[in-house]
Amino acid sequence: MRSVMFMEIHGIRFNCCKGRVCVCVCVCQREREEGSLEWVSTKLMWSHNKFRTVTAVALKTDMATKIIYFTVNGRPEQAEFPVDCPAQDVKDLFRSAAEAGPHDILKLYNPKGNIINISPRLEPNSPNSCYKLEVVAADCNSEPLGVELAVALGFDLSSMEKRLQGLEKKILIEAGETPAVVYEMKRQVESFREKLESVEHLSWLGLFKELSEGTQKPSPFYHKRTLRKTREECEHVREKFLQMSSLEVSEEVRQYLKTPTFDNWQWEDAEIMVLLQVMYTDLDFIATFNIEPEVLHQFLYEVYKRYNNIPFHNFKHCFCVTQMMYGLIWLTDLKSKIDSIDLLTMLTSAVCHDLDHTGYNNAYQINARTELALRYNDISPLENHHCAVAFEILEKNENNIFRNLTTEQYKRIREGIIKCILATDMTRHNEILNKFKSILLVFDFSNKDHRDVLMMIMIKVSDISNEARPMDVAEPWLDCLLQEFYNQSDKEKLEGLPVTPFMDRDKVTKPSSQTGFIGFVLLPLFIELANLFPCLEQHIIDPVRKALDYYTEMEKALEREKLIRAQSDKAAAAKNTTPQNLQNPQKTANSQSEAGNALKPPTL
């Protein structure tokens, strides 16, 4: 096998008698033992022709080719390429047909409206069954999207880019070389850019997602968004969800969904709703409880609408808690230990557990004497509200996934959901954990009281399980949580209310917020659940112990840095005490006195 040569020439333009012709030429030569293969993909766009042709011409006559018919903005096109054409060249071919830039994002739909991958494996079709090619995201550097993005973000992107370039030059001059951390930041930015531009990443099916790839997660700009979702925002997500809801999710994603390592940051809200639908399907709830698909769709959509645009307790958090609950059900084989009604209760409780959370905890609600605190007499105001909103949604027949249950079944599920959601109030943590520990040695799955306590423990574990996930998934969640905490403490200070200690931005750091919480809350809870289900040790306890070590080291590093800074400040202060001042203290005192008098306001 000899060397491979690859050359691309884009944007060759020339004039001819019949109008403008744009040619995209891609030349590839691969030398094999039996001979050489050359092929050229060309796009000929004639300004006066209604039907345009995109062709990859095989120069070798015995080469097998495919012909693909598709439309771009309503106009018909056709592409022809060899069956063993490289995937990237096929994508470039379609990119040329769409007149898209190198950073634009393309999607291809089959006649049923399903998203399909642009690859050499595309099924040949006919002019009567055209695919549809769309440019769904444009280059952010172009107009007018760049201007809109800059306005939305609240700053000028071009000036920021110049500033970053200036800072990079300054660092290079002062340090003598570019530090490794700058290269790492550039690598992460480039990786994120490539992911945004990748068509495969947008394929919600997960057939082409890099599921194992850990990526840096951008924090959403919640301070630029309204608390409640807008009607347009909801309708957009609803439309995408309904388009995708009938499609098949790959087996790889279905299995990945059952693991605590699942990365929620790869999925959009509409895709998350599809994954929630998969959970209800794969646990056999659809068939067992006769849940109509359209009712489940409407229920999930109403749930999505009632989660607010806040940093942490949002729809993605709802999904994470539900996904962890779902994963625990499979990991512990609960399907063989308790009946389907209890499983349905647990999953639906997770879905609804933080509905209409506004980002301020029970302590704030009570101290500020909010409407919720008054309504629920200071007793778990938020958790009671979450329950009330859940059953408000279920009260409407078109949303009621329990509408085909018997009265007794519904009563049992309602009682269970209320117990589970109220159990997420952290002021009840010790009470529930101690109750579970007291029955652990004699735990009986046939005992209803025992099952009720287990269900409460399961939702508590799921609710605070972020640190059981990989660090690149968990740490962005901590950033979001701290943002929400700081927002509350700022509000408490402004309103003259008692400031919640673990939320005060002046006292709390990222590591200090976690070391105590993991050591005194998370680990004791997880260990007790693992005592009942030893298989969970490797899945949730080992990662939490690693997280504790990570934040402990981070806290020590911050303390060392603080000590070094204090010593540096002390040395600088000593240096500022000049010998002249030491020799003539009276002169220094007189100078200070004069300066003090100069600052005093004139006497009336």
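Residues numbered from 1 in each chain as written. Predicted model: local features only at pLDDT ≥ 70, side-chain atom pairs only at ≥ 80, totals over all residues. Heavy atoms only, no water.

## Overview of the overall build of the protein chain
Here's step 1: In terms of regular secondary structure, the protein chain is built from 23 helices and nine strands.
Here's step 2: Each of the 604 residues in the protein chain was classed as buried or not, and the buried ones make up 46%. (Helix = DSSP H or I, 4+ residues; strand = E, 2+ residues; numbered from the N terminus. Buried < 20%, exposed > 50% of the residue type's maximum accessible area, 1.4 Å probe, protein only.)

## Observations regarding the packing of aromatic side chains
Here's step 1: If you walk through the whole model with that rule in mind, you get 18 aromatic pairs.
Here's step 2: Measuring from ring centre to ring centre gives 6.2 Å for Phe 445 and Phe 533, while their planes differ by 40°; the resulting arrangement is tilted. Taken together, the positions of Phe 445 in the loop between helix H17 (429-439) and helix H18 (448-463) and Phe 533 in the loop between helix H20 (510-532) and helix H21 (537-576) put the pair 88 residues apart, joining distant regions of the chain.
Here's step 3: A network of ring pairs unites the aromatic residues Tyr 256, Phe 262, Trp 267 and Phe 319 as a single cluster.
Here's step 4: Against the face of Trp 330 rests Lys 258, its NZ or CZ located 3.9 Å from the ring centre.
Here's step 5: The ring of Phe 391 has Arg 414 lying over it, and the distance from NZ or CZ to the ring centre is 4.5 Å. (Phe/Tyr/Trp six-rings, centres within 6.5 Å; stacked < 30°, edge-to-face > 60°. Lys NZ or Arg CZ within 6 Å of the ring centre and 35° of its normal.)

## A short note on the UniProt feature "binding site: Zn(2+) 1" (unreviewed entry) in the protein chain
Here's step 1: Listed under "binding site: Zn(2+) 1" (unreviewed entry) in the UniProt record, and renumbered for this structure, are His 317, His 353, Asp 354 and Asp 463. Spatially, the listed residues are clustered: although they cover 147 residues, their C-alpha atoms lie within 9.9 Å of one another.
Here's step 2: Relative to the helices and strands, His 317 resides in helix H11 (residues 315-331).
Here's step 3: Leaving out residues up to four positions away in the same chain, His 317 has contacts with Phe 312, His 353, Asp 354, Asp 463 and Trp 477. (UniProt positions renumbered as here; feature names shortened; annotations may be inferred. Contact = heavy atoms within 4.5 Å.)

## Section: the confidence of the model for the protein chain
Here's step 1: Residue-level pLDDT values for the protein chain average 81, and 76% of them are 70 or greater.
Here's step 2: In this model, residues 199-216 is a region of pLDDT below 50 whose contacts with residues beyond four sequence positions or in other chains number 54 contacts.
Here's step 3: Ignoring residues within four places in sequence, the model shows residues 218-223, a span with pLDDT below 50, making eight contacts including any to other chains. (pLDDT = per-residue confidence, 0-100.)

## Observations regarding the environment of Phe 262
Here's step 1: Residue position: Phe 262 is located in the loop between helix H7 (251-256) and helix H8 (269-282).
Here's step 2: Take Phe 262: its relative accessible area is 0%, and that puts it in the buried class.
Here's step 3: Sequence separation between Phe 262 and Cys 320 is 58 residues; the distance between their C-alpha atoms is 8.7 Å.
Here's step 4: Once residues within four sequence positions are removed from consideration, Phe 262 is found in contact with Tyr 256, Leu 257, Trp 267, Leu 275, Phe 319, Gln 323, Arg 469 and Val 473.

## Quick notes on the pattern of salt bridges
Here's step 1: For the structure shown, the criterion picks out 31 salt bridges.
Here's step 2: Among the ionic pairs, Arg 375 bridges to Glu 371, the shortest N-O distance being 2.5 Å. With Arg 375 and Glu 371 both in helix H14 (residues 371-375) and four residues apart, this pair spans about one turn of that helix.
Here's step 3: Given the relative accessible area of 57%, Glu 371 is considered exposed.
Here's step 4: One salt bridge in this structure joins Asp 490 and Arg 505, with 2.6 Å as the shortest N-O distance. With Asp 490 in helix H19 (residues 471-494) and Arg 505 in the loop between H19 and H20, this residue pair connects regions lying 15 residues apart in the sequence.
Here's step 5: The partly exposed category is assigned to Asp 490, whose relative accessible area is 27%.
Here's step 6: Taking the relative accessible area as the measure of exposure, Arg 505 reaches 39% and is therefore partly exposed.
Here's step 7: Taken together, the salt bridges that share partners define one network made up of Asp 339, Asp 342, Arg 412 and Arg 451. (Salt bridge = Lys/Arg side-chain N within 4 Å of Asp/Glu carboxyl O.)

## Here's the deal with the packing of helix H16 (residues 407-422) against H18
Here's step 1: Running from N to C, H16 and H18 cross one another at 50°; their axes reach a closest spacing of 9 Å. With respect to H18, the axis of H16 lies oblique. Helix-helix and strand crossings are classified by hand; for H16 and H18 the assignment is right-handed. Facing Arg 412, Glu 415, Lys 419 and Cys 420 of H16, the residues of H18 in contact are Lys 448, Arg 451, Asp 452, Met 455, Met 456 and Ile 459.
Here's step 2: Looking at the contact of H16 with H18, its residues break down into four nonpolar, no polar and six charged. (Axes fitted to C-alpha atoms, helices over the stretch in contact; angles between N-to-C directions. Parallel < 35°, antiparallel > 145°, perpendicular 65-115°, else oblique. Left-handed = near helix turned anticlockwise from the far one by under 90°. Nonpolar A, V, L, I, M, F, W, Y, C, P; charged D, E, K, R; others polar.)

## Some points on a nonpolar patch on the surface
Here's step 1: Together, Met 160, Leu 164 and Leu 167 make up a nonpolar patch on the protein surface, roughly 270 Å² of accessible area in all.
Here's step 2: Within the secondary structure, Met 160 sits in helix H3 (residues 157-175). (Patch = residues over 30% accessible without salt bridge, like charges linked within 9 Å, V, L, I, M, F, W, Y side chains within 5 Å. Areas by Shrake-Rupley, 256 points an atom, 1.4 Å probe, with all protein chains shown as cover.)

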